[in-house]
Amino acid sequence: MTETRYVTTPIYYVNDKPHVGHAYTSVAADVLARWWRLQGHEVFFLTGTDEHGQKVEKAARDAGMDPQAFTDQVSQHFRDLTATLGLSNDDFIRTTEARHKAACTALWQELAKRDEIYLGHYEGWYAVRDEAFYGPDELTERDGVKYAPSGAPVEWVREPSYFFRLSKWQDWLLDYYNKKIEFIAPESRRNEVISFVKSGLQDLSISRTSFRWGVPVPGDPAHVMYVWLDALTNYITAAGYPDTKAERWTFWPASVHLVGKDIVRFHAIYWPAFLEAAGLEPPKRVFAHGWWTIEGQKMSKSLGNAIDPVALVADYGLDPLRYFLLREVPFGADGDFSRKALANRLNGELADALGNLANRTLSLIQRNCEGKLPAPAAAIGDDVALLDALAAMPGLVGQHVEDQAFHLALEEVFRVVRAANGYITAQAPWALKKTDLARMEAVLRHLHSVLRGAATALQPFMPGTMAALLDQLGVPADARDLAALATPLPGGTALPPPSPLFRKIEIEAA
Ligand code: ME8
């Protein structure tokens, strides 16, 4: 049955250019969106940029630019990156757009109408880098400077502020986490959020008066909205809010917000509370993935080691990068990025295991079968185990993708690819040419089926390369979704001469 599915990335701050950490979340969201489309669902995939707040205002000032001109420029880098990464996003939202300001204003008014907002005074510690407030017990002090747990310095802020009655939602949140086990993943993050909420929630300051770069509070323009209230609202803006009759509103509530573990608190605590308080449905799931370090070090502007995804695509190709990001580290765990590890995955798994299987099989069909696909054949002997594993594979991949266990999804495909490599060696179809032509054809046909299954299931991960492989396999463009796997290609289908799918990389040069 066709369902609606909605996946989001965080909207990224435009204080700096994108790096490989941003590419990571975006590629993961793209894989989900593409997988769901392959299953026949109606999908909405959103990404974009977060452009207000003190941090962005400061970055614009440092660049000597007007904030709007500055955000126009940096946001464009993120928009360009969607093309470089081959993202299939359906929309790209910027928080400086009129539609978004209208949604923020409407949400604020709804919260105010329901008495969820009151005017008071904020006094406390604020980290501009995180755009977050911290309690005194969360801070550490070094050389007279206080730091948040993220390592960002905090400053003492005292100003009039509107507050959201977050404390009132504490029990509701705990009950919600209990009832919806799948709401926060992975488990470690769920536990972290639950214990934070159990430790007690304070009302949340949701406006600032000390700077101007934000959405004005309706009826009190001396205040701008707290950047996280503004930012989180993007997910409903793009679905049409406040017009809940809009066609896109059918996508709300979001199926999953993919975020890094740094911002799980905002998505799993504030966001469902804001929505519930405004009478809107909370999202179904928040998945917080782990953190990439670079050759063992934290990635940062000051260390100058932030890796530009555009350069990686130029050096290794887009699909090897997409594959590596999701294969190397279990989604949810932290990982270390190294060019050597990327080259190893590319050479060993893509070029050797998958690329060679395709090349050997397709070259044999070209040479020994006049480039025509052999007819479907019955499974006998060793064929049975291989084809059974192949038949089970898409279902297993689907379960893992649904859990956002992308590395396990890939492992399911490569398990079958490795089995097929063992099978081709054991069956030696090149030798069968002289002894048993019918068997040679059956073996090549089974290998073709494995390649078709693998290429179909891998499309969300490596769209460009798998489209090329499906072309080489003679699979028509309208027979590339999961359901089409049930219909075998007719024997005699003409296949084009094969060409290599992956270029190996010298490890030393990597
Ligand atoms: O937090 N490893 O934006 P941001 C893995 N605007 N992922 C990383 C990463 C790393 N080293 N570095 C960044 C914001 N990311 C807010 C979000 S949403 C309503 C507002 C990814 O530009 C990861 O997804 O700081 C992380 O959560 C996000 O970029 C932070 O991007």
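Above this text is the structure in question.
Now for a description of the structure that goes with this document.

Parameters and conventions
Residues numbered from 1 in each chain as written. Predicted model: local features only at pLDDT ≥ 70, side-chain atom pairs only at ≥ 80, totals over all residues. Heavy atoms only, no water. Helix = DSSP H or I, 4+ residues; strand = E, 2+ residues; numbered from the N terminus. Rg over C-alpha atoms; globule rule 2.2 N^0.38 Å. Buried < 20%, exposed > 50% of the residue type's maximum accessible area, 1.4 Å probe, protein only. Contact = heavy atoms within 4.5 Å. Areas by Shrake-Rupley, 256 points an atom, 1.4 Å probe, with all protein chains shown as cover. Core = buried A, V, L, I, M, F, W, Y, C linked by side-chain atoms within 4.5 Å. Arc of directions from axis to C-beta. Pairing = 2+ DSSP bridges. Near = heavy atom within 4 Å. Polar contact = N/O pair within 3.5 Å; in protein donor to acceptor, adjacent residues only side chain to side chain. Axes fitted to C-alpha atoms, helices over the stretch in contact; angles between N-to-C directions. Salt bridge = Lys/Arg side-chain N within 4 Å of Asp/Glu carboxyl O. Phe/Tyr/Trp six-rings, centres within 6.5 Å; stacked < 30°, edge-to-face > 60°. Lys NZ or Arg CZ within 6 Å of the ring centre and 35° of its normal.

Considering the overall build of the protein chain
- When its secondary structure is counted, the protein chain shows 17 helices and 18 strands.
- A compact globule built from 510 residues should have a C-alpha radius of gyration of about 24 Å, and the protein chain, at 26 Å, falls within 12% of that.
- Its C-alpha atoms give the protein chain principal-axis dimensions of roughly 90 × 50 × 40 Å.
- Burial analysis of the protein chain (510 residues in total) assigns 58% to the buried set.
- Long-range pairs, those at least 24 residues apart, make up 77% of the contacts in the protein chain between residues at least 6 apart in sequence.
- For the protein chain, the computed accessible surface area is about 20700 Å², with 52% contributed by carbon and sulfur atoms.

Some details on the nonpolar core
- In this structure, L326, F337 and F461 are the most contacted members of the largest nonpolar core, which totals 94 residues.
- For this core, the leading source of residues is helix α12 (residues 339-368), giving 13 residues.
- Discounting residues that sit within four places of it in the chain, F461 has contacts with V31, D319, R322, L326, V401, F406, A409 and L410.
- Listed in part, the 89 residues of the second largest apolar core include V56, Y241, I269 and Y270.

Comments concerning helix α5 (residues 170-179)
- All buried positions along α5 are accounted for by Q170, L173, L174, Y176 and Y177. Along the axis of α5, the buried positions cluster into a sector of 160 degrees, meaning they face one direction only. Turned more than 90 degrees off the buried face of α5, the exposed positions are D171, N178 and K179.
- Considering only its buried residues, α5 is in contact with β9 (184-185), α6 (187-198) and α9 (264-277).

Some details on unusual backbone geometry
- For the peptide bond that leads from A185 to P186, omega is -5 degrees, which places it in the cis range.
- The backbone of E370 shows a phi angle near 55 degrees, a positive value even though the residue is not glycine.
- With respect to the helices and strands, E370 occurs in the loop between α12 and α13 (382-402).
- Positive phi outside glycine occurs at Q404, with the angle close to 60 degrees.

A few points about the sheet that holds β9
- Judged by pairing direction, the sheet is parallel, and its 6 strands sit side by side in the order β3-β2-β1-β14-β15-β9 without closing on themselves. Either end of the sheet is taken by a strand with one partner, and the two such strands are β3 (91-94) and β9.
- When strand β1 (residues 4-13) meets strand β14 (residues 256-260), the two strands line up parallel, connected through 2 bridges. By the bridge assignment for β14, V7 is matched with V256.

Considering the site of the ligand
- Residues in close proximity to the ligand total 23 residues, the closest being I11, Y13, T25, D50 and D262.
- Note that a nitrogen atom of the ligand is positioned 2.8 Å from one of the backbone N or O atoms of I11.
- Starting from 670 Å² of accessible surface for the ligand in isolation, the protein chains cover 94%.
- Of all the elements in the fold, those that place two or more residues in the shell around the ligand are β1, α1 (20-38), α7 (227-232) and α8 (234-237).

Comments concerning the pairing of strand β13 (residues 220-225)
- For strand β11 (residues 207-208) and β13, the ladder comprises 2 bridges, and the chain directions are antiparallel. The residue of β13 that forms the bridge with S207 is M225.
- As defined by bridge partners, strand β12 (residues 216-217) adjoins β13 across 2 bridges and the pair is classed as antiparallel. Its bridge partner lying in β13, P216 is registered against V224.
- From the end of β12 to the start of β13, which pair antiparallel, there are 2 residues, and G219 there has a positive phi angle of about 85 degrees.

What to know about the sheet that holds strand β10 (residues 204-205)
- What the 4 strands build is an open sheet, ordered β5-β4-β8-β10; its pairing is antiparallel. Edge positions in the open sheet fall to β5 (132-134) and β10, since each of these has one partner strand only.
- Sheet analysis places strand β4 (residues 117-127) next to β5, joined by 3 bridges and oriented antiparallel. Residue pairing for β5: A127 is matched across the bridge by A132.
- Seen against the sheet, α9 touches β5, β8 (155-164) and β10 and runs at an angle of roughly 30 degrees to β8.

Some words on the pattern of salt bridges
- In total, this model carries 33 salt bridges according to the counting rule given.
- The shortest N-O distance in the salt bridge between R265 and E138 comes to 3.1 Å. Of this pair, R265 sits in helix α9 while E138 sits in the loop between β5 and β6 (140-142); the two residues are 127 residues apart in sequence, bridging distant segments of the chain.
- Taking the relative accessible area as the measure of exposure, R265 reaches 26% and is therefore partly exposed.
- A relative accessible area of 21% places E138 in the partly exposed class.

Some remarks on the side chain of H257
- If you trace the backbone, H257 turns up in strand β14.
- On the basis of relative accessibility, which here comes to 0%, the residue H257 falls in the buried class.
- At a separation of 3.1 Å, a polar atom in the side chain of H257 contacts the side chain of W271.
- Once you skip the residues sitting within four places of it in the chain, H257 turns out to touch T8, Y235, W252, H267, W271, P283, R285, V286 and F287.

Re the packing of aromatic side chains
- Tallied over the full model, the rule gives 30 aromatic pairs.
- Pairing F266 with Y270 gives two aromatic rings, centres 5.5 Å apart and planes at 80 degrees, and the pair type is edge-to-face. Residue F266 and its partner Y270 are both found in helix α9; the two are separated by 4 residues, about one turn of the helix. Y270 shares its class with F266; the two are buried.
- Aromatic rings pair up to connect Y6, F44, Y235, Y241, W249, F251, W252 and W271 into one cluster.
- The ring of Y147 has R142 lying over it, and the distance from NZ or CZ to the ring centre is 4.1 Å.
- Above the plane of the ring of Y126 lies R208, whose end atom (NZ or CZ) is 4.4 Å from the centre.

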